[in-house]
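# Results of the structural survey
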Amino acid sequence: MQIIKVFGKASQTARHFEVTASEEKENLLQWLRHKGVTMASSCDGKGVCRKCVIQQDLTTCEMTVRSFLDLFPDGIIFVDYL
Ligand code: FES
């Protein structure tokens, strides 16, 4: 089982979440919200507003949990405004 760690740069806090195999295909923005992470969005996940950005330039609404983990095997998400 994989772990994703969400690190809030503003608050300097981190939360850890387990990723089940069935969750890997979920949209990353929706998955984070289901876990209770307050992710910003004003375009409802259409890839326009860029408020859902992590790692400074990746939009969570345009990737799956699996595609994130393929790019970042350490599973660490950095969110500037959290
Ligand atoms: S929610 Fe608007 S770009 Fe991702």
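Everything quoted here is computed from the prediction, not taken from an experiment.

This brings us to the pairing of strand β5 (residues 76-79). Only one face of β5 is buried, namely the one carrying I77 and V79, since none of I76 and F78 on the opposite face is buried. Pairing of strand β1 (residues 2-8) with β5 involves four bridges; the strand directions are parallel. In the sheet register, G8 faces β5, and the bridge partner there is V79.

Take the nonpolar core next. Within the largest apolar cluster, 19 residues are counted, with the highest numbers of intra-cluster contacts made by I4, V6, L28, W31, L32, F68 and I77. Of all the secondary structure elements, the ones that give two or more residues to this core are β1, β2 (13-19), α1 (28-34), α2 (65-71) and β5. The dominant element in this core, judged by the number of residues it contributes, is α1, at four residues. Aside from chain neighbours lying at most four places away, what touches F68 is I4, L28, I54, Q55, M63, G75, I76 and I77.

What counts and how
- Residues numbered from 1 in each chain as written.
- Predicted model: local features only at pLDDT ≥ 70, side-chain atom pairs only at ≥ 80, totals over all residues.
- Heavy atoms only, no water.
- Buried < 20%, exposed > 50% of the residue type's maximum accessible area, 1.4 Å probe, protein only.
- Helix = DSSP H or I, 4+ residues; strand = E, 2+ residues; numbered from the N terminus.
- Pairing = 2+ DSSP bridges.
- Core = buried A, V, L, I, M, F, W, Y, C linked by side-chain atoms within 4.5 Å.
- Contact = heavy atoms within 4.5 Å.

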